[in-house]
Amino acid sequence: MRQNRKGLEGVPQWKQLSFHDFLSLEKSANTMELAEEFGMNLYQVNQLKKKIKRENY
């Protein structure tokens, strides 16, 4: 059986960011700026935006 390393190495990048910061910047920044700010790629930023919209309806 394979063991996972403890810590943040195995955690996806979007789970490490502050959602409050993301939501506040989302209103004023474009996708590229969000990706640079949080160290994500464009696909991850777009997926996170979709998940947030689904949660808020």
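Keep in mind that what you see is a predicted model, and the values were worked out from it rather than measured. (Residues numbered from 1 in each chain as written. Predicted model: local features only at pLDDT ≥ 70, side-chain atom pairs only at ≥ 80, totals over all residues. Heavy atoms only, no water.)

Undergrad: Talk me through the packing of helix H1 (residues 19-26) against helix H2 (residues 31-38); I want residue IDs and the actual numbers.
TA: At a minimum axis distance of 10 Å, the contact between H1 and H2 shows a crossing angle of 155 degrees. In terms of axis orientation, H1 runs roughly antiparallel to H2. Here H1 runs over H2; the crossing is right-handed. The residues of H2 that touch H1, namely those facing Asp21, Phe22, Leu25 and Glu26, are Leu34, Glu37 and Phe38. Partitioned by chemical class, the residues of the contact of H1 with H2 number 4 nonpolar, no polar and 3 charged. (Axes fitted to C-alpha atoms, helices over the stretch in contact; angles between N-to-C directions. Helix = DSSP H or I, 4+ residues; strand = E, 2+ residues; numbered from the N terminus. Parallel < 35°, antiparallel > 145°, perpendicular 65-115°, else oblique. Left-handed = near helix turned anticlockwise from the far one by under 90°. Contact = heavy atoms within 4.5 Å. Nonpolar A, V, L, I, M, F, W, Y, C, P; charged D, E, K, R; others polar.)

Undergrad: Any details on the packing of aromatic side chains? Residues and values, ideally.
TA: Using the criterion set out here, one finds 1 aromatic pair in the structure. Residues Phe22 and Phe38 carry aromatic rings whose centres are separated by 5.6 Å and whose planes lie at 50 degrees to one another, so their mutual orientation is tilted. Of this pair, Phe22 sits in helix H1 while Phe38 sits in helix H2, placing them 16 residues apart in sequence. (Phe/Tyr/Trp six-rings, centres within 6.5 Å; stacked < 30°, edge-to-face > 60°.)

Undergrad: Report on the side chain of Thr31, specifying residues and quantitative values.
TA: Position of Thr31 among the secondary structure elements: in helix H2. Apart from the residues lying within four places of it in its own chain, the contact partners of Thr31 are Leu42, Val45, Asn46 and Lys49.

Undergrad: Could you give me a rundown of H2, with the residues and numbers involved?
TA: Regarding H2, the residues found buried are Thr31, Leu34, Ala35 and Phe38. Projected down its long axis, H2 carries its buried residues within an arc of 100 degrees, all on one side. What points out from H2, more than 90 degrees from its buried face, is the exposed set Glu36 and Glu37. At the N-terminal end of H2, a side-chain oxygen is found 3.2 Å from the backbone nitrogen of Met32, two or three residues along, and the residue is Asn30. (Buried < 20%, exposed > 50% of the residue type's maximum accessible area, 1.4 Å probe, protein only. Arc of directions from axis to C-beta. Polar contact = N/O pair within 3.5 Å; in protein donor to acceptor, adjacent residues only side chain to side chain.)

Undergrad: Run through the nonpolar core, naming residues and quoting values.
TA: Core analysis: the biggest nonpolar cluster contains 10 residues, these being Leu17, Phe22, Ala29, Leu34, Ala35, Phe38, Met40, Val45, Leu48 and Ile52. The set of elements that each furnish at least two residues to this core consists of H2 and helix H3 (42-56). (Core = buried A, V, L, I, M, F, W, Y, C linked by side-chain atoms within 4.5 Å.)

Undergrad: Quick one: what's the story with the side chain of Lys49, residue by residue and with numbers?
TA: As for its position among the elements, Lys49 is in helix H3. Buried charged residue Lys49 carries no salt bridge. Nearest counter-charge: Glu26, at 4.8 Å. Only 3.3 Å separates the side chain of Lys49 from the side chain of Thr31, close enough to count as a polar contact. Residues within four places of Lys49 in sequence aside, it is in contact with Phe22, Glu26, Thr31 and Leu34. (Lys, Arg positive; Asp, Glu negative; His and termini not counted. Salt bridge = Lys/Arg side-chain N within 4 Å of Asp/Glu carboxyl O.)

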